[in-house]
4 protein chains.
Amino acid sequence: MSEGNLSRFSLFAPADFRYYVKELEPFLSEESYVKYKCEVEVALAKVLAKRGIISEDSAKEIALASKRVTAEEVYNEEQRTQHDIIALINMIRTKISDEAKSAVHRTATSYDIVDTANSKRYRDAFLKIIIPDLVSLEKVLIDIARREKETVQIGRTHLQHAEPITFGFAISWYVSRFGKSLMKIYRSINEMEGKFSGAVGAYNASFLFVDDPEDFEKEVLSELGLKPAEISTQIIQPENLTDLMHYVVSTSTIMSNLADDLRNLQRPEIGEVGQPRGEDISRSSTMPHKANPVGLENVESLWKVVMPFMITMYLDQISNHQRDLTNSASQRNIPQVLDLFDYSVRRMTRILRNLRPHTHNMLRNFEMNKDKIVAEPLQLLLSSYGHPNAHEYVSKLVDKSYETGRSLTEIVQSDPALSLYLKKFTSRQSAILVNPNTYLGIASRKTEEITNVWEQKLKEARLIP
Amino acid sequence: MSEGNLSRFSLFAPADFRYYVKELEPFLSEESYVKYKCEVEVALAKVLAKRGIISEDSAKEIALASKRVTAEEVYNEEQRTQHDIIALINMIRTKISDEAKSAVHRTATSYDIVDTANSKRYRDAFLKIIIPDLVSLEKVLIDIARREKETVQIGRTHLQHAEPITFGFAISWYVSRFGKSLMKIYRSINEMEGKFSGAVGAYNASFLFVDDPEDFEKEVLSELGLKPAEISTQIIQPENLTDLMHYVVSTSTIMSNLADDLRNLQRPEIGEVGQPRGEDISRSSTMPHKANPVGLENVESLWKVVMPFMITMYLDQISNHQRDLTNSASQRNIPQVLDLFDYSVRRMTRILRNLRPHTHNMLRNFEMNKDKIVAEPLQLLLSSYGHPNAHEYVSKLVDKSYETGRSLTEIVQSDPALSLYLKKFTSRQSAILVNPNTYLGIASRKTEEITNVWEQKLKEARLIP
Amino acid sequence: MSEGNLSRFSLFAPADFRYYVKELEPFLSEESYVKYKCEVEVALAKVLAKRGIISEDSAKEIALASKRVTAEEVYNEEQRTQHDIIALINMIRTKISDEAKSAVHRTATSYDIVDTANSKRYRDAFLKIIIPDLVSLEKVLIDIARREKETVQIGRTHLQHAEPITFGFAISWYVSRFGKSLMKIYRSINEMEGKFSGAVGAYNASFLFVDDPEDFEKEVLSELGLKPAEISTQIIQPENLTDLMHYVVSTSTIMSNLADDLRNLQRPEIGEVGQPRGEDISRSSTMPHKANPVGLENVESLWKVVMPFMITMYLDQISNHQRDLTNSASQRNIPQVLDLFDYSVRRMTRILRNLRPHTHNMLRNFEMNKDKIVAEPLQLLLSSYGHPNAHEYVSKLVDKSYETGRSLTEIVQSDPALSLYLKKFTSRQSAILVNPNTYLGIASRKTEEITNVWEQKLKEARLIP
Amino acid sequence: MSEGNLSRFSLFAPADFRYYVKELEPFLSEESYVKYKCEVEVALAKVLAKRGIISEDSAKEIALASKRVTAEEVYNEEQRTQHDIIALINMIRTKISDEAKSAVHRTATSYDIVDTANSKRYRDAFLKIIIPDLVSLEKVLIDIARREKETVQIGRTHLQHAEPITFGFAISWYVSRFGKSLMKIYRSINEMEGKFSGAVGAYNASFLFVDDPEDFEKEVLSELGLKPAEISTQIIQPENLTDLMHYVVSTSTIMSNLADDLRNLQRPEIGEVGQPRGEDISRSSTMPHKANPVGLENVESLWKVVMPFMITMYLDQISNHQRDLTNSASQRNIPQVLDLFDYSVRRMTRILRNLRPHTHNMLRNFEMNKDKIVAEPLQLLLSSYGHPNAHEYVSKLVDKSYETGRSLTEIVQSDPALSLYLKKFTSRQSAILVNPNTYLGIASRKTEEITNVWEQKLKEARLIP
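Residues numbered from 1 in each chain as written. Chains lettered and ligands numbered in written order. Predicted model: local features only at pLDDT ≥ 70, side-chain atom pairs only at ≥ 80, totals over all residues.

Novice: Explain the overall build of chain A to me, and be specific about the residues and the numbers.
Specialist: What chain A contains, in helices and strands, is 22 helices and six strands. Against the 2.2 N^0.38 benchmark of 23 Å for 465 residues, chain A shows a C-alpha radius of gyration of 30 Å, more extended than a compact globule. In terms of its C-alpha atoms, chain A occupies a principal-axis envelope of roughly 105 × 55 × 40 Å. Per-residue burial for chain A yields a buried fraction of 66% across its 465 residues. Contacts in chain A between residues far apart in sequence, at least 24 positions, make up 74% of those at least 6 positions apart. (Helix = DSSP H or I, 4+ residues; strand = E, 2+ residues; numbered from the N terminus. Rg over C-alpha atoms; globule rule 2.2 N^0.38 Å. Buried ≥ 20, exposed ≤ 12 C-beta atoms within 10 Å, placed from the backbone. Contact = placed C-beta atoms within 7 Å.)

Written out as structure tokens, the structure is:
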């Protein structure tokens, strides 16, 4: 790893330049990783001292020295020792007295430090940055849904016009899906565990010094705000992290779904939503008239990188006997996956903040087939008034409407075979045949309900004030 | 789909012959799928009648007719109508009076039936078959762990000998991981939702007939023991099923990890466990002396089919607007994935029931490096008694031991630079240097704790009596 | 595997009922697998006899008996022997004389039979069914491209209107991509290898009987039309099959791309292509007016099952030492993946045969932004006549056109700053500004070229007459 | 993307620090990407000048200016223009005369530049660095195989002892698999294509200026040593790159297979190979006696990151209509995947160079079951001399040997039922029963053959002198 004049532009991974979220650096960078590992060594020393196993002075020396350890010196030392944690320990030791030297890392194996440090830094990254970012996105979704709860839009299934909804209702589907995913991530983060059970998990080393190694472990971890794994080997159980990454991937997929919907609603033939030119809508290098939804495309494209990483996570669940190291290099890639995810959350939030519904186009598109839309309520009502075969009968009238160009309503109203049934319709039912845009079910009411529910849930979880 | 003389041997998918779990047929077969869809239509009719929207007689007719619908006739009708649910409805209708005909499927869209039927049948398959199978496996793990809690085994990291554990302790790692996964599946199953919100999710159709369509939906679903989705479009939110399948995949991965460990412990050079010849240990067609662990290999191989299916699940989370149908054919593959998973759970259970630890080989392997194992406690104790650089010093003695062939203990005890420290060792500490097999930490105690905890958890969840 | 009244509807895997391609049964069914394995045993016996290692009579007996072996009896015997190939051999043996009995399977290990049989049946399935199906699809693509080579359509990038192409040109992109993929599959099929190198690949057993075991292997395989692997262990090198499946997946992905494009062109707001109602366009169970492109959705959905199977293939490339069996159950899933792939190829072919371009809608959509399309040629021509900053300048005029509602052409022509440049335009260049639909590049010529090239390539490969 | 004091340790992706291959920087870094894009603009200008469309002076100015463009200024400009290629063009333009300004990028669309630049830089990275690295690894494999062609080792199937091979033979399996994969990558690299067909692929823009836009494209690309795509849209066909990455993944999988085998052969109970302490074998932070094969573990772990990226590649094969941009961010991740792959190739090469076979342990392990190994030749020879049921009969003797502890050979030789057959054995056949280590088939001869073949192939491809 040569340095020299290091520039962002000498790098290979776009997570390190193009999609770098600066706010995640204190948690996910390699430097921060060293800091977190030092913090774990300090917590260990503190409890060792409290127990009288090492002196209070040693613990203090370790704490002071740890603040001065840099990733660079650890890396240089690793060149010599061929072991990252031995290198870290050595760099603490060079800064302290001989007595304190022998107190460093007492009872611990490398992965007591590594797994615990990772749990803590991932938890912090989520609690301080990523979850607030997810909450921001959820709030924008709530705002849009509420604002547009009455805005009529044609509901689409199979990309075809189905029955009417409101634009707010369409967004409240994401309020609920995204909200649930957010809460799963949040709960998952609170399950993050550390470990201090030694090289094979049986507390072999710590039991040399204490009779209650599980309590000892709990004390060290409580210094760091973590709880101990139910049982560990050299490593903590991989499933908590696998679950967390699954929720991340699943949330990324929900965003990709929304991005895809919105990009399609921006097709010139549809035009139901728009975004201002700028970071998320760009021109072409050769076609000045283009308005390309590059921001939404970017969200979908990053999903294509984040999602397959689950395969890596599943493969890393398998570790032979009390552990092998084949999950080490692979797990070092988690920080960039989290970065790409958070970057896309932030971008999606900005896009949604700037999103403008084009209600005139929503109306225009709704009008295109509004005549046909009545086919559903019509066949249902005919059935309810006793028509023996309403679905098939109405299907034929629809075909007739397509063939003749006459409106379905007109055909229906002039069909003598139907007049008996139509007379039984209540005035509200008859109205739908004339104004299909009232065939909205409870779209608006449901939107209000969902947005209220989720605002309340975020409040209860103290994620918003 | 031609029939004629259908034989298992005319099939392509091994889930339908070689790995077919007969007990899952009432839930996962195509025939059972039709039955479940009928059941949903019946529940709908029942509540429509209760509400006075259709007559009680119609509801009864529908219930009676639904019991006589067969998958075969539905398929034949589908050839004509090109729609599976229209075909199903028609097959109910051919069996009832004209009045009842128009009552069938009232207010419902196809996916009200499909998604609800799937939720119910998957839930039933898990509650009645798969979860009991998982519990059986967990119980065998608990039994082995308990029985072997004192059986000394060398702990292995990086496939190398590390520090001693017990075989029961190694298994209790799986008791905990597998137990947690089983509970996630169990909780997930209780989240399964249905829907009756119509073609685009806004209750457009049902709101024609009732003022409280959400309550109406709840009533229909409670007939089936399901709860409604918070909000749906044409389909329920895909995330519940995605989560469930994630837990399935993750559980399958844990089994694969265990299978891999056990296969390796059966290498002739290691020989720490054995299985009797039979279904899971087979000879070779040409080498009569071979004892091939084909059962464990099978468990790992099925994992390679089950695991990548998560990619399918993630892709199916994305559905345009109020839904497209690109998740239909793919989701029809879920039953076989569940079958393969359950098959491997059952096979693993049988293998574990027959597994014999070879304690003499465990001891022999432990003895191989027992002399070196003391390096860890030695360097820790030297440090604790003030040696300034114990890790590096002991490392050199280990090298010396390898080079000279003299035992590490001997070298240590004859090293004048160490005698001062060694004198300070307590008798228990000194004992470890001579008998490293006492350097077991709390392996046995921990095993007891974990097995008790999990037995208790299964009891509390009423999964065992 | 219990039988009883076996029905397609008792199955779990849709490849075995809903998407079952009957024509693949002679190659991919379990019964056919047994037949192919017998065929390999027969080829072996034939060469053994030719070499005088067994008697000609024995070889004949084996050949006759092999024709009468059924999958069912092999399965029953496997229950007893716990080994599929031993069971197969036994079922041959029960049908022949004592002398011939001892001649069966001589020198072979199970996987000499298994891997060779699989290579042969996959090759046959491709040569006889799947490749002809692929060729049919390619021919339909060629036909459409040719027929529509002059049909003007707006080219779309980022889902936005870019510059004009022809519909035939759009399809010729698939002619080329699909054609290349087809040829890769075809070449790959001709690389399929067999093996007769024994239990660990060193010809240990056959070298007991012949001095030239590699020639012996070649002779046996040439009976089956296969060539030997360069080197094998117990198994042939997995990479040939992995490559084949990669080409299958890649081809499936190309089809999914095309299906997605065509589904989107069928949105009611776009309407550029249509399909007749029938197997591939279905109504809704509740909305009689819907025309749902279920065929195209099916093609995309099957891709979601086929594609992730590559992960299984990669995992199966890894086999410890001279082989483990963890690829056995997983590889048994290949037949259904091939079936699903072939099913989707056939469905796509039918859809394309029925596809109707709606040229009036193509024209209407083209007209929507035809005014803006000139921005590209305009800025290029202005540049070429010396305008120092044409892209930025034209961009501003485009903005002005959007803001004022005036046509871009009008704005351009009345802009005094441009008149000097516009005068220099040739008449053909000027014409484009007025009729942007002539700004087609060489779309038509290129379409003709590509369709001719691919027709020729198929002929040269003797895939079409 | 803030800069300041950039350090490797502020990064997230380990490809950018821990596993950074400096030699790939001129091809895969972001800076190099800008350089390559400039190179493509220069080639375009050169041909435009040759054709007289722009002046020779303009072309020269563009060439000179392009050398001075830096990634940093392009990024800064992109902040303003929101378009990476417009930013690049602007940075060329700021350095040249007004006349030359208008000549830049003439006829091109962004992806003419992007796709062509990527093809060229990937090709160069492979030709100059990665392929030579692959060749080095292949050469080491050849060397080991040759050197160890006579070293007897027990062949293992199902992790059990099967029949003897030589260690060189085991390695020659990798010589062949790895060699073939290397050649596929090499051929694939020579298929890399560029494009100059404009915004939608129909040469709309270039046809404004030239009558033979395909020839024009060919000329530009031949300046860069690339050939044109058969047909393109805004982008080149994704399949070439998908194929290349498939071969990369497949090669990575082969390495992972070898790494897994070697790690297992280093288990203390097996001990058939060893590595010196150092970069690839490290101690533990707490257990000084450990010799952990971290290098091999690293190779396997990086495979877990590289392999799932194929899912990203397949997803990126799908692009709507004439292209969408959802493959942009994802494809920017290719450089780091190539870096991780190359890093693991280099590491594997070093490991293999240092690998020491422990022939005494190979012999010891072979001896463990050598007695049983004769079961295969014995049953084959008995059969050949007319024993009607040799496999089953020998199986029983093997069981007897296990039960009684008597050697199989002894049991065989004292079995009166066999004496008649044993008398017929030739002396070479009899010898095998006594010295099973001669039951090696043609392991040595085959090893020689394979190593010679591959040395020759590398020579013919001019990959080695």
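From this point, things continue past the structure.
Novice: Describe in detail the pairing of strand E1 (residues 152–157) of chain A, supporting the description with residues and values.
Specialist: Residues and elements named next belong to chain A. Counting buried residues in E1 gives six out of six residues, a clear majority hidden from the surface. As paired elements, E1 and strand E2 (residues 160–166) share five bridges and run antiparallel to each other. Bridged to Arg156 within E2 is His161. (Pairing = 2+ DSSP bridges.)

Novice: Report on helix H9 (residues 213–223) of chain B, specifying residues and quantitative values.
Specialist: Residue and element names in this part refer to chain B. Listed in full, the buried residues belonging to H9 are Pro213, Phe216, Glu217, Glu219, Val220 and Leu221. Those residues of H9 hidden inside the fold are in contact with helix H2 (30–50), helix H7 (110–147), strand E3 (193–194) and strand E4 (227–228). Looking one or two places after H9, you find Gly225, whose phi comes out positive at around 75°.

Novice: So what's going on with the interface of chain A and chain C? Residues and values would help.
Specialist: Taken together, the contacts link 35 residues of chain A with 35 residues of chain C. Counting residues per element, the ones that place at least two in the side of chain A that touches chain C are E2, helix H10 (239–265), helix H15 (359–368), helix H17 (375–384) and helix H18 (390–404) of chain A.

Novice: Break down the interface of chain A and chain B for me, citing the residues and quoting the values.
Specialist: Chain A puts 78 residues into the contact, and the matching count from chain B is 78 residues. Secondary structure elements with two or more residues in the side of chain A that touches chain B: helix H6 (98–101), E1, E2, helix H8 (167–189), H10, helix H12 (309–316), H17 and helix H22 (443–460) of chain A. In terms of residue count, the dominant contributor to the side of chain A that touches chain B is H10 of chain A (twelve residues).

Novice: Lay out the relation of the copies chain A and chain C with the relevant residues and their values.
Specialist: Mapping chain A onto chain C calls for a rotation angle of 180° and an axial translation of 0.0 Å; the resulting RMSD is 0.0 Å. Both chain copies can therefore be described as sitting about a two-fold axis. Of the C-alpha atoms belonging to chain A, the one lying closest to the rotation axis is found on Glu269 of chain A, 2.9 Å away. A share of 100% of interface residues in chain A that are also interface residues in chain C marks the association as one of identical surfaces. (Least-squares fit on C-alpha atoms with pLDDT ≥ 70 in both.)

Novice: Residue-level account of unusual backbone geometry, with values.
Specialist: A negative phi angle characterises most non-glycine residues, just as the trans form characterises most peptide bonds. Residue and element names in this part refer to chain A. If you check the backbone angles, Thr107 has positive phi at about 75° while not being a glycine. Structurally, Thr107 is set in the loop between H6 and helix H7 (110–147). A count of 28 C-beta atoms within 10 Å places Thr107 in the buried class.

Novice: Describe in detail the domain arrangement of chain A, supporting the description with residues and values.
Specialist: Once the domains are mapped, chain A shows domain 1 (9–108), domain 2 (111–194 + 231–365) and domain 3 (375–438). The straight-line distance from the C-alpha centre of domain 1 of chain A to that of domain 3 of chain A is 75 Å. (Domains from an automatic or database assignment.)

Novice: For the relation of the copies chain A and chain B, give the residues involved together with the corresponding values.
Specialist: When chain A is fitted to chain B, the residual RMSD is 0.0 Å, and the transformation amounts to a turn of 180° plus an axial shift of 0.0 Å. In this assembly, 100% of the residues forming the interface of chain A have copies in chain B that are likewise at the interface, indicating an isologous arrangement.

Novice: Explain the packing of helix H7 (residues 110–147) of chain D against helix H14 (residues 334–354) of chain D residue by residue, including any values.
Specialist: Residue and element names in this part refer to chain D. Between H7 and H14, the shortest axis-to-axis distance is 9 Å and the interhelical angle comes to 25°. Taken together, the axis directions place H7 and H14 in an arrangement best described as roughly parallel. Where H7 crosses over H14, the handedness of that crossing is left-handed. Of H14, the residues touching H7 (which contributes Ala125, Ile129, Ile130, Asp133, Leu134, Ser136, Leu137, Val140, Leu141 and Ile144) are Leu338, Asp342, Val345, Arg346, Met348, Thr349, Leu352 and Arg353. (Axes fitted to C-alpha atoms, helices over the stretch in contact; angles between N-to-C directions. Parallel < 35°, antiparallel > 145°, perpendicular 65-115°, else oblique. Left-handed = near helix turned anticlockwise from the far one by under 90°.)

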